[in-house]
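Letter by letter, the chains look like this.
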Number of protein chains: 2
Amino acid sequence: MGTPGTAEAITAKIAQLQEELKGLAPVKKTKTVKVSPLAPSDFPDLPVIAGARFAATAAGVRYAGRTDVMLVHLAPGSRVAGVFTRSATRAASILDCQEKIGGDGAQGAAIIVNSGNANAFTGRSGAEAVARVTEGVATVLGLPSERVFSASTGVIGEALPHDRITAALGTLGADLSEEAIGQAARAIMTTDTFPKGASAGCEIDGKPVRIAGIAKGSGMIAPDMATMLVYIFTDAKIARPVLQDMLSARTDRSFNCITVDSDTSTSDMLLAAATGQSGIEEITERDSVAGRRFEEALGSVMLDLAHQVVRDGEGATKFIEIAVTGAADDEDARRVAMATANSPLVKTAIAGEDPNWGRVVMAVGKSGAQADRDRLAIRFGDLTVAENGWVSPGYKEEDGAAYMKRQELTIGIDLGLGSGTATVWTCDLTHRYIEINADYRS
Amino acid sequence: MGTPGTAEAITAKIAQLQEELKGLAPVKKTKTVKVSPLAPSDFPDLPVIAGARFAATAAGVRYAGRTDVMLVHLAPGSRVAGVFTRSATRAASILDCQEKIGGDGAQGAAIIVNSGNANAFTGRSGAEAVARVTEGVATVLGLPSERVFSASTGVIGEALPHDRITAALGTLGADLSEEAIGQAARAIMTTDTFPKGASAGCEIDGKPVRIAGIAKGSGMIAPDMATMLVYIFTDAKIARPVLQDMLSARTDRSFNCITVDSDTSTSDMLLAAATGQSGIEEITERDSVAGRRFEEALGSVMLDLAHQVVRDGEGATKFIEIAVTGAADDEDARRVAMATANSPLVKTAIAGEDPNWGRVVMAVGKSGAQADRDRLAIRFGDLTVAENGWVSPGYKEEDGAAYMKRQELTIGIDLGLGSGTATVWTCDLTHRYIEINADYRS
């Protein structure tokens, strides 16, 4: 390359850059993004899952020079379970995955995901793009296309430039590695400010079982089934229906309990793949020692990833737990929790570090749940703020104000009526959310 | 007073100001507020309603020097109908009004409203404050307290300084005037940037019947019954149950079809008072020539006021109509309309003048209504943006972008399934909403 600064070095650098830019038109500039203040300090060290290999590349789907496609290969014998958005305007890839999810795992499987374009509400062209991409992956990896699951995330209503993705498949196939899950996590980011990963393990039959998961999600987060894109890998050997049951049950306690902005995506998807390579006996019952142990570990990965999505909520500066107790039933508790978590007035008060508990009272009132003003109690962390229908005698506004300065907040709401409970997680609503979303496409 | 600028004039002015400031502590500074760009050019000329007299004053409920209490006296024979929030955490005044609303009008009635403090979630002290204020009004006006309707709007959870209100009742009673409805409209404002008034008339039995209404509302607007505070006065002679039926029916097509931020107040209230002094025969049937004619005029006043509330939505820069057609039924149409109107992503896109119709697709999908991607059509004004499951062949992005620059927008959504329709009105979500609500109490 020669000495830096020489004409030779400069010419070489230009040639290298020209090479990197090939085929990436139309070029859009990547915006520089500040990492969420709620982000974990580092991407975690995820365990290798035998039988799962990953690759990522910058295919120029929408932006130049941004890693935007991930490919996962799952060894023969892998079982795949999935949970999908209930949106009535589901994206083409979701419809395709829903058809394929029950299939047999004998030949292995693959997952291909692009960011930058959601391929949603793209009519016939959407389904065709899914077919081109999944058939391309099938050819490169020697799989039937029925075993290739695809997903797309990004802007809605624009045709997916599937040729840019298929052009990258050769490289992706050659790059597959058990170590590359972190790069895969980066490839699926859109407005995310950090890649999301989590892992857990358990011992079954004296053998270690590993679980590693990645997720993306930041805005349009109020999942109605799964959230955004989540991929979980394990070397457990487990019957597909059992894995599916566990996944559905745990989704209701993790991804379905988070909300950033009350808006539900057209493309939410959660896949869990079990390669079976841990050498354990197959788990065939959810309600068995091995089943419970595995589900516990799976659930912890799911909850960790769900929390990370909230921590990267668009514009978020506060991570908020809303814990409702004493409701007439669990459904009422969830109504109150979600009404509070989705209230723009509650979320802006928290952004302003204002202990405006009156807005929590408002949210309880509008939720539709059974409530009795004079039995309602509201807590900020350990502070009892309101009880018996009014501000608590011991509550001091300055204590509330001091509490609100924290980055992690718990709002406790006790309805004093029954034993229904629900806990959900959300973030605050700030100027940055408006900035991000008032000029997303410009 | 002497020549302006002389020592005498200055001393007189100081004395006058001191007088005005008496009893107004603790003094909070009124923030200067820019009038909404969507405001009408002027407060309308409202007709005099014989039998309805108004007064307003600055009682210092929360802020000094801000008109914050209005009093209305209704002549004997006036009938009063009302619609109230369905919030489970209703304010004390709402509970009191609900008990009183069915009463007999022979002795007349009064309405007393303060801004600055909502007297909501204030436990026993809330009900006591309502009793003190309504009894005070009853004494000053020579009415039974069962005929005094009160309302409070402002911050939730702080005790109402009812003594400041009762101290002002003598002045208010002395100031009552048929001409002062505009001052009354100003007295009930909180974060409102302009006073809201509307009128309509009709002829019954060859005699003119007049209707005049005032409203307040700007944030915490997603009424679940009535919206914020609305007071409508008419000289029609009409049976109370008939007036009540009309009011309830028309509320579902006006105030219950607007949303600013999806948050429902603890204090929403709509009262309509008919003094009967127009000299017409009593309207005793809703479904009669006179009944239909009057209801039409009443409905137009209600819709006008509802639109004014949206036009003064916190931070609003765009007035948006969401018109849904072709839904399986009206309920589904309303689900889609409200999901779109309350979507933060749709509202921020409009704030950014971004014709991001994909977010409308998302809102349709999440609404829970029956929808078929391939029958869905989306229009911005007269522009067909999307149809048959994808962007319309004739649609050009620059046309959409030009349309979004308007101040008044119509988003048409046709589901292509049935004959269900709904129309709702909302505004955009801007930085100003965050500014207003992140430091409301500071």
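These numbers come from a predicted model, not from an experiment. (Residues numbered from 1 in each chain as written. Chains lettered and ligands numbered in written order. Predicted model: local features only at pLDDT ≥ 70, side-chain atom pairs only at ≥ 80, totals over all residues. Heavy atoms only, no water.)

Caption draft 1: Structural detail: the overall build of chain A. Assigned secondary structure in chain A consists of 13 helices and 16 strands. The C-alpha radius of gyration computed for chain A amounts to 23 Å, which stays within 12% of the reference 22 Å derived for 442 residues, consistent with globular compactness. With respect to the principal axes defined by its C-alpha atoms, chain A has extents near 75 × 60 × 45 Å. The buried share among the 442 residues of chain A stands at 59%. Within chain A, contacts between residues at least 6 apart in sequence are counted, and of these 82% link residues at least 24 apart. Of note, chain A has its 44 positive side-chain charges centred 3 Å away from the centre of its 55 negative side-chain charges. (Helix = DSSP H or I, 4+ residues; strand = E, 2+ residues; numbered from the N terminus. Rg over C-alpha atoms; globule rule 2.2 N^0.38 Å. Buried < 20%, exposed > 50% of the residue type's maximum accessible area, 1.4 Å probe, protein only. Contact = heavy atoms within 4.5 Å. Lys, Arg positive; Asp, Glu negative; His and termini not counted. Charge placed at Lys NZ, Arg CZ, Asp CG, Glu CD.)

Caption draft 2: Representation of the domain arrangement of chain A in the model. Residue and element names in this part refer to chain A. Parsing chain A into structural domains produces domain 1 (26–311) and domain 2 (319–438). Placing a centre on the C-alpha atoms of domain 1 and another on those of domain 2 gives a separation of 33 Å. With 15 residues of domain 1 at the interface, the matching set in domain 2 holds 15 residues. Buried area between domain 1 and domain 2, summed over both chains or domains, comes out near 1,400 Å², and the portion from carbon and sulfur atoms is 59%. The interface formed by domain 1 and domain 2 contains 1 salt bridge. (Domains from an automatic or database assignment. Buried area = accessible area lost by both parts, 1.4 Å probe. Salt bridge = Lys/Arg side-chain N within 4 Å of Asp/Glu carboxyl O.)

Caption draft 3: Seen up close, the nonpolar core. Formed by 235 residues in total, the largest nonpolar core has its most connected members in Y231, F233 and F294 of chain A together with Y231, F233 and F294 of chain B. Broken down by element, this core gets its largest block of residues, 10 residues, from helix α8 (residues 289–311) of chain A. Discounting residues that sit within four places of it in the chain, Y231 of chain B has contacts with M70, I111, V113, A151, I188, A212, G213, I214, M269 and L271 of chain B. (Core = buried A, V, L, I, M, F, W, Y, C linked by side-chain atoms within 4.5 Å.)

Caption draft 4: Representation of the sheet that holds strand β5 (residues 148–155) of chain B in the model. Residues and elements named next belong to chain B. Taken in spatial order, the 4 strands make up an open sheet running β1-β2-β4-β5, and their pairing is mixed. At either margin of the open sheet sits one strand with a lone partner, and together these are β1 (52–57) and β5. Each adjacent strand pair in this sheet contributes to an overall mean axis angle of 10°, direction not counted. Alignment of strand β2 (residues 69–74) against strand β4 (residues 109–117), held across 6 bridges, turns out to be antiparallel. If you follow M70 over to β4, its bridge partner there is V113. (Pairing = 2+ DSSP bridges. Axes fitted to C-alpha atoms, helices over the stretch in contact; angles between N-to-C directions.)

Caption draft 5: Fine view of the relation of the copies chain A and chain B. Of the transformation superimposing chain A on chain B, the axial component is 0.1 Å and the angular component is 180°, with the fit at an RMSD of 0.3 Å. Seen this way, the second copy is the image of the first under a two-fold rotation axis. The rotation axis passes nearest to the C-alpha of H431 of chain A in chain A, at a distance of 2.9 Å. Most of the interface of chain A is mirrored in chain B, where 98% of its interface residues again form contacts. (Least-squares fit on C-alpha atoms with pLDDT ≥ 70 in both.)

Caption draft 6: Seen up close, the sheet that holds strand β1 (residues 52–57) of chain A. All names here are of chain A. Here 4 strands make up an open sheet; going across it, the order is β1-β2-β4-β5 and the pairing mixed. One side of each edge strand has no neighbouring strand; the edge strands of this open sheet are β1 and β5 (148–155). Looking at each pair of strands side by side, their axes are set apart by 10° on average, direction ignored.

Caption draft 7: Fine view of the packing of aromatic side chains. On inspection of all chains with the given rule, the structure shows 5 aromatic pairs over all chains. When the ring of F54 of chain A is compared with that of F233 of chain A, the centres are 4.9 Å apart and the planes differ by 85°; the resulting orientation is edge-to-face. Here F54 of chain A is found in strand β1, whereas its partner F233 of chain A is found in strand β8 (residues 229–234), with 179 residues between them in sequence. With relative accessibility at 2%, the residue F54 of chain A sits in the buried group. With centroids separated by 5.7 Å and ring planes inclined at 65°, the aromatic side chains of F121 of chain A and W357 of chain B adopt a geometry described as edge-to-face. In this pair, F121 of chain A sits in the loop between β4 (109–117) and α3 (123–141) while W357 of chain B sits in the loop between α10 (344–351) and α11 (358–366), so the two residues belong to two different chains. Under the relative-accessibility criterion, F121 of chain A is labelled buried at 0%. In this structure W357 of chain B comes out as buried when scored by relative accessible area, which is 3%. Its guanidinium or amino end placed over the ring of F43 of chain A, R186 of chain A lies 5.4 Å from that ring's centre, counting from NZ or CZ. Seen from the ring of F194 of chain A, K196 of chain A lies directly overhead, with NZ or CZ sitting 4.5 Å from the centre. (Phe/Tyr/Trp six-rings, centres within 6.5 Å; stacked < 30°, edge-to-face > 60°. Lys NZ or Arg CZ within 6 Å of the ring centre and 35° of its normal.)

Caption draft 8: Summary view of the interface of chain A and chain B. Across the boundary between the two partners, chain A contributes 55 residues, which contact 54 residues of chain B. Together, the buried faces of chain A and chain B total about 4,900 Å²; carbon and sulfur atoms form 61% of this surface. Scanning the region where chain A abuts chain B turns up 11 residue pairs in polar contact (both at pLDDT 80 or more). Looking at the side of chain A that touches chain B, the elements with two or more residues in it are α3, α10 (344–351), α11 (358–366) and α13 (431–438) of chain A. Considering each element in turn, the side of chain A that touches chain B owes the most residues, 7 residues, to α11 of chain A. Partitioned by chemical class, the residues of the side of chain A that touches chain B number 24 nonpolar, 20 polar and 11 charged. (Polar contact = N/O pair within 3.5 Å; in protein donor to acceptor, adjacent residues only side chain to side chain. Nonpolar A, V, L, I, M, F, W, Y, C, P; charged D, E, K, R; others polar.)

Caption draft 9: Structural view of the environment of V361 of chain B. Its location among the elements puts V361 of chain B in helix α11. Residue classification places V361 of chain B among the buried residues on the basis of a relative accessible area of 0%. Sequence separation between V361 of chain B and E128 of chain B is 233 residues, and the spatial gap between their C-alpha atoms is 50 Å. Here V361 of chain B is in contact with T89 and F121 of chain A together with I378 of chain B, once residues within four sequence places are set aside.

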